[in-house]
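So the chains spell out like this:
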Amino acid sequence: MHHAWLLAGRRGVGKASFAAAAARELLDAPAGLEHHPDILLLTHDPKDEKEERKRADGKSFELARSIRIAQVRRMQQRLTTRPTAGNRRVIIIDPADDLERNAANALLKSLEEPPEGTYFLLVAHSPARLLPTIRSRCRVLRFPVVPDGAMASLLAELAPEANQSTRDAAIAAAAGSPGAALSFVELDLGKAAMLMGKILETGDPDFALRGQLAGAIGARPDRERLQAVLDLARSALTDRLESESESPLAFIDAHSELVRLTGEQPTYNFDAGLLAMEIGTLLAKAATASERANV
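Given the structure is predicted, the values throughout are model-derived calculations rather than measurements.

Colleague: Help me out: how do you make sense of the sheet that holds strand S3 (residues 89-93) in this one?
Modeller: Across a sheet, paired strands are connected by hydrogen bonds in the backbone, their directions being either parallel or antiparallel. In spatial order, the strands read S2-S3-S4-S1-S5; together these five strands make up an open sheet with parallel pairing. The open sheet is flanked by strand S2 (39-42) and strand S5 (139-142), the only strands paired with a single partner. Averaged over all neighbouring strand pairs, the angle between strand axes comes to 20°, with direction disregarded. With four bridges joining them, S2 and S3 adopt parallel strand pairing. Residue pairing for S3: Leu 40 is matched across the bridge by Ile 91. Contacts from helix H3 (residues 69-78) reach S2, S3 and strand S4 (118-124), with the element oriented near 165° to S2. Against the sheet, helix H4 (residues 101-112) touches strand S1 (4-8), S3 and S4, its axis set at about 140° to S4.

Colleague: Is there a simple way to explain the pairing of S1 in this structure?
Modeller: Residues in a regular strand point their side chains to alternate faces of the sheet. Burial of S1 is extensive: four of the five residues sit out of reach of the surface. Two strands pair when backbone bridges link them, and S1 and S4 are joined in this way by five bridges, in the parallel orientation. Bridging from a neighbouring strand, Ala 8 pairs with Ala 124 of S4.

Colleague: Got a minute to help me understand the side chain of Arg 225 in this structure?
Modeller: Among the secondary structure elements, Arg 225 is positioned in helix H11 (residues 223-243). Buried and unpaired, Arg 225 has Asp 188 as its nearest opposite-charge partner, separated by 6.4 Å. Of note is the side chain of Arg 225, whose polar atom sits 2.7 Å from the backbone oxygen of Ile 217. With residues near it in sequence (within four places) discarded, Arg 225 still touches Leu 187, Asp 188, Leu 189, Ala 216 and Ile 217.

Colleague: How should I be thinking about the nonpolar core in this particular structure?
Modeller: Considering soluble globular proteins, one finds that nonpolar side chains tend to be buried as a cluster. With 43 residues, the main nonpolar core has Phe 184, Met 196, Leu 213, Leu 237, Leu 258 and Ile 279 as its most contacted residues. Broken down by secondary-structure element, the contributors of at least two residues to this core are helix H6 (148-158), helix H7 (164-174), helix H8 (178-187), helix H9 (190-202), helix H10 (208-217), H11, helix H12 (248-264) and helix H13 (272-294). If you look at the next biggest cluster of nonpolar residues, it comprises 25 residues, including Ala 104, Leu 111, Leu 122 and Cys 138.

Colleague: Would you mind showing me how to read the packing of H7 against H8 here?
Modeller: The description of two helices packed together rests on the angle between their axes and the distance between the axes. Direction vectors running N to C along H7 and H8 enclose 135°, while the axes themselves pass 8 Å from each other. As summarised for this structure, H7 and H8 are arranged oblique, according to the angle between their axes. Regarding H7 and H8, the two cross each other, and that crossing is right-handed. Touching Thr 166, Ala 169, Ala 170, Ala 173 and Ala 174 of H7 are Ala 180, Ala 181, Phe 184 and Val 185, all from H8.

The rules behind these values
- Residues numbered from 1 in each chain as written.
- Predicted model: local features only at pLDDT ≥ 70, side-chain atom pairs only at ≥ 80, totals over all residues.
- Heavy atoms only, no water.
- Pairing = 2+ DSSP bridges.
- Helix = DSSP H or I, 4+ residues; strand = E, 2+ residues; numbered from the N terminus.
- Axes fitted to C-alpha atoms, helices over the stretch in contact; angles between N-to-C directions.
- Contact = heavy atoms within 4.5 Å.
- Buried < 20%, exposed > 50% of the residue type's maximum accessible area, 1.4 Å probe, protein only.
- Lys, Arg positive; Asp, Glu negative; His and termini not counted.
- Salt bridge = Lys/Arg side-chain N within 4 Å of Asp/Glu carboxyl O.
- Polar contact = N/O pair within 3.5 Å; in protein donor to acceptor, adjacent residues only side chain to side chain.
- Core = buried A, V, L, I, M, F, W, Y, C linked by side-chain atoms within 4.5 Å.
- Parallel < 35°, antiparallel > 145°, perpendicular 65-115°, else oblique.
- Left-handed = near helix turned anticlockwise from the far one by under 90°.

Written out as structure tokens, the structure reads:
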């Protein structure tokens, strides 16, 4: 078996769960074992010492925005010793596309000359963000998205309390990612989805809908909620674009701006109200362009 695998696909399609199951299988770990000394997970640590103390106290804490070189160095130090329970060890990096550049360069050395019996499983939502030299040393396993019909059945089973309109909006926003759809339902963004649809229909000339959209998003949303809102807006534009034959350019331009905002969201401190207005304005411009084209 190759020593390094890149598990690629949309966020929420099961890559991390697969990596954990594959690691246990490689190590012949007993079923139900929560932690294994030879499975090393590199993921987002607490942001700083203050947040680390919160974690130690069992409180909620804020995560760092990247996987740092110090984490890779600690992992490499472990690789200088023998595995604890056998002759194999598995390193899971989730998500590998959040490695700092220095951390990625350090990881490359381990991928080039891995100790015998060491396997790397790199979870990647956006593989293109990884260094080409890292990608070239990995075999790629791609995880497909889930069809809408299967998503509907899944949400009906796992989120029966959600109404049909919320589930429909979740399916549209998730674009084939069960994890994203469940997160959408838990975040209760059905009203935001409805308001985005209205803005695309009317253009919101008096800004009233944009104000309501800001209220639906919330005054202090966390990054997960903002990510879901941006995904929802892109999905709304995509659905509308598929039905537009006269003026696709305005929709494409608005979608490109939403993609830009989505890329900036993990590292920028957006003001929730201003972001809601920006999203609403992009949708309103697309709606207005559509009205002009259909006159």
